[in-house]
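# Residue-level structure breakdown
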Amino acid sequence: MKDNDMYQFQGRRRANLFAAGSFLLATAGTLVPSGASAHVKWFEAYEVAAKPVPILTTLSLPYFWLGLLLVLGFFLATTLLERRQPGLLALKSLDAATSGLRTHADHFLLSVLAAFFVSLFAVGGTYLTPDLKTQSELVPWAQIVIAALIPMRRTRPIAAVAIVVLWLFTLRDYDLFHLFDYLALGLGLAGYLLLSGLPDGKWHDRRFGVLRWGIALALTWSSMEKFMYPQWFMPLLEEKPFLAFGIPFGPYTTMSGVAEFTLGFGLLWTPLVRRLSAFALFALMFAAVYPFGRVDMIGHATILASLLIVVADPQRANALEVAPKGRAATIMVPAGLAAALAITMISYAGLHNVIYDRASGRIAALLRAETMAPAKTIGAAPGAFWRGNEHYHGDAGTSSAPGAGAAAAMMEQMNAMHEATSRVSVSGDVSRDFVALMVPHHQAAIDMARTYLESGSDPKLRQLAEHIIADQEAEIAQMKAMFPAEAAAMPSHH
């Protein structure tokens, strides 16, 4: 009877533990709906040379602080419970669920890495990710060579060096600031391959720790786009509004950035925090595969596999973790998060300023190969070819100055409006003619406002542009509703 009571008690305790864990994951997960995991540069227009939104603007947003408080509560609760019975039970449960992956972590990750480079070779026309296009015929062959070097332990360090060289080779065509998005992850993967190819010992045992740091730095850096360039995400959310789950696009983008940064930061923390953070990130990134398809699957394959490795947590004795103990956690968690956020934000804005505002001459040509090349179009979405839909801001070669492409795009939108209105056949019905002329006029205003949101940073003008889009879209719908029979024939510019 006593054994049965003990069994029931342990069952209830495990049920309570998993309920608490589910609540914590849900709290973190509500901040990052699946759309937040999509890499905007793969799907929509962007202008990497445009001025970022000032840091103080981000710090003035209430949803920024709400998101931080929610995730900070998750970190504090998990860190404090980790060395107590509930945390120990959670770690033991994770160990049991991932025992097979932990035993075969190297085989799993190496297989995914080799398949990733084979996929890049098969697709062709890209360097390391979907938006880094190339016309070089040598790059795909370099990728298949890297794939062939990965399975053999002795040749993995060569594969690691080849990945770094390929990243450096990309500097011929793309701005250094653009490539920072892929630097940490590339170095993390290269570091893993290098250390996994070394003989058994302390350096070999740190391979998974180096990989995890690469993922964490990559996620925290790329999350800055949602704070510094929220306008890049608006076309994507307008195209797939279900991704925001009914949340207004502005607060959604801000809280998505907070969650991506904090969960990435969580990968550096204590075992339970990093494993739960990795699980949440994997679930959310994998969920993005359905709405975004094979582009997202191929592009995120390496980071998805790496996150599963973090969940399994092999070689935890050499995890290179930040592990505050006892009461120190109540100070170290918020202090560490605040320091990491401040350093990343200042580095992001500072490097952008150095590269685009201060660099000149040969240094500028070296750092800004993408925006200074006469054949390049600022604001084009190189990765859009994956879905057969290119976006351009202006004519190629018109200017290499930041923002010139956006201004050229607005001129094209105005010209398109004039062409559309000139094609209207006046019927004599003043009501019908008024609507037929106003629809393309309003649509041009919407297009120009969206272009400004993609490139402009003035808070008051951004707010005005958002009002223009909302008001004039509603007025277009109202006018077309008055003349449903003629609506399809009304010329408009999209």
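Here the structure is shown first, and the text comes after it.
Quick summary incoming for the structure in this document. (Residues numbered from 1 in each chain as written. Predicted model: local features only at pLDDT ≥ 70, side-chain atom pairs only at ≥ 80, totals over all residues. Heavy atoms only, no water.)

### As for the overall build of the chain
To keep things clear, this is the line we draw: Runs of E in the DSSP output that reach at least two residues are strands. Runs of H or I that reach at least four are helices, and both are numbered from the N terminus. The cut-offs for exposure are 20% and 50% of the maximum accessible area for each residue type, with area from a 1.4 Å probe on protein chains only; residues under the lower value are buried, those over the upper are exposed, and the others partly exposed. The criterion used for residue contact is that any of the two residues' heavy atoms lie within 4.5 Å. All accessible areas in this document rest on Shrake-Rupley with a 1.4 Å probe, and a residue is counted as covered only by the protein chains that are shown.
The helix and strand inventory of the chain stands at 25 helices and zero strands. In the chain, buried positions account for 52% of the 494 residues. Considering only contacts within the chain whose residues lie at least 6 apart along the sequence, 75% involve residues at least 24 apart. Summed over all atoms, the accessible surface of the chain reaches about 22400 Å², with 67% contributed by carbon and sulfur.

### Quick word on the environment of R212
Looking at where R212 falls in the secondary structure, it is placed in helix α11 (residues 207-222). We classify R212 as buried; its relative accessible area is 3%. Between the alpha carbons of R212 and L268 there is a distance of 7.4 Å; along the sequence they are 56 residues apart.

### Observations regarding the side chain of D313
The criterion, for reference: Residues adjacent in sequence count toward polar contacts only when both atoms are side-chain atoms; beyond that, a polar contact is any pair of N or O atoms within 3.5 Å, and within protein one must be able to donate a hydrogen and the other to accept it.
One can find D313 in the loop between α18 (301-312) and α19 (328-358). Within the local environment of D313, its side chain forms a polar contact with the side chain of R274, the two groups lying 3.2 Å apart. Discounting residues that sit within four places of it in the chain, D313 has contacts with R102, P271, R274 and R275.

### Here we look at the packing of aromatic side chains
Each aromatic ring pair is summarised here by two numbers: the centre-to-centre distance and the angle between the ring planes. Stated precisely, the cut-off is as follows: Aromatic rings from Phe, Tyr and Trp, taking only the six-membered ring of Trp, are treated as a pair when their centres fall within 6.5 Å; an angle between ring planes under 30 degrees marks them as stacked, one over 60 as edge-to-face, and anything in between as tilted. For a ring to carry a charge above it, either NZ of a lysine or CZ of an arginine must fall within 6 Å of the ring centroid while also lying within 35 degrees of the normal to the ring plane.
For the structure on display, the rule yields 17 aromatic pairs. Pairing F64 with W65 gives two aromatic rings, centres 5.2 Å apart and planes at 90°, and the pair type is edge-to-face. Overall, F64 belongs to the buried group, its relative accessible area being 1%. Taken together through their ring pairs, the aromatic side chains of F177, F180, W221, Y348 and Y356 make up a single cluster. Directly above the ring of W203 sits R206, whose terminal nitrogen or CZ lies 4.9 Å from the centroid.

### Here's the deal with a nonpolar patch on the surface
Here is the rule: Surface patches are defined over residues having more than 30% relative accessible area and no salt bridge, joining like charges when they lie within 9 Å and nonpolar side chains (Val, Leu, Ile, Met, Phe, Trp, Tyr) when within 5 Å. When a carboxyl oxygen of Asp or Glu is within 4 Å of a side-chain nitrogen of Lys or Arg, the pair counts as a salt bridge.
A cluster of nonpolar side chains, contributed by L56, L59 and W65, occupies part of the molecular surface with about 320 Å² of accessible area. Among the secondary structure elements, L59 is positioned in helix α2 (residues 55-59).

### Remarks on the pattern of salt bridges
Tallied over the full model, the rule gives nine salt bridges. One salt bridge in this structure joins D106 and R207, with 2.7 Å as the shortest N-O distance. You can see D106 sitting in helix α6 (residues 105-123) and its partner R207 sitting in helix α11, a full 101 residues away along the chain. For R450, the salt bridge identified is with E473, shortest N-O distance 2.5 Å. Of the two residues, R450 is situated in helix α23 (residues 430-455) and E473 in helix α24 (residues 459-482); the sequence distance between them amounts to 23 residues. Look at E473 and you get partly exposed, because its relative accessible area is 35%. Connected via shared salt-bridge partners are D95, R102 and R275.

### Points about the nonpolar core
We apply this condition: What makes a nonpolar core is a set of buried Ala, Val, Leu, Ile, Met, Phe, Trp, Tyr and Cys residues whose side-chain atoms join them at distances within 4.5 Å.
Ranked by size, the top nonpolar core spans 94 residues in total, and within it F117, I150, L193, I215 and L267 carry the most contacts. With 11 residues, helix α9 (residues 176-196) is the largest single contributor of residues to this core. Setting aside anything within four residues of it in sequence, one finds L193 in contact with L110, L113, I150, R156, P157, A159, A160 and I163. Formed by 10 residues, the second largest nonpolar core is a distinct cluster that contains I446, L453, I469 and I476.

### Observations concerning helix α8 (residues 156-170)
The following threshold applies: One less than the number of residues in a helix, times 1.5 Å, gives the span that helix is expected to have.
The terminal C-alpha atoms of α8 lie 21 Å apart, and with 15 residues this matches the ideal 21 Å at 1.5 Å per residue to within 8%. Buried residues along α8 sit in contact with α6, α7 (138-149) and α9.

### A few points about the environment of L263
Tracing the backbone shows L263 in helix α14 (residues 249-266). What makes L263 buried here is its relative accessible area of 1%. Spatially, the C-alpha atom of L263 lies 8.3 Å from that of A216, the residues being 47 residues apart in sequence.

### Looking at the packing of α9 against α11
Short version of the rule: Only C-alpha atoms enter the line fits that serve as axes; for helices the fit covers just the stretch in contact. Angles between N-to-C directions range over 0 to 180 degrees. Note on terminology: angles under 35 degrees are roughly parallel, angles over 145 are roughly antiparallel, angles of 65 to 115 are roughly perpendicular, and the others are oblique. Amino acids outside the nonpolar list (Ala, Val, Leu, Ile, Met, Phe, Trp, Tyr, Cys, Pro) and the charged list (Asp, Glu, Lys, Arg) are all regarded as polar, and Gly is one of them.
As a packed pair, α9 and α11 sit with axes 7 Å apart at the nearest point and diverge in direction by 170°. In terms of their interaxial angle, α9 and α11 are classed as roughly antiparallel. Side by side, α9 and α11 meet where F177, F180, D181, A184, L185, G188, L189, G191, Y192, L195 and S196 of the first sit next to R207, F208, V210, L211, G214, I215, L217, A218 and W221 of the second. Class assignment for the residues of the contact of α9 with α11 results in 14 nonpolar, four polar and two charged.

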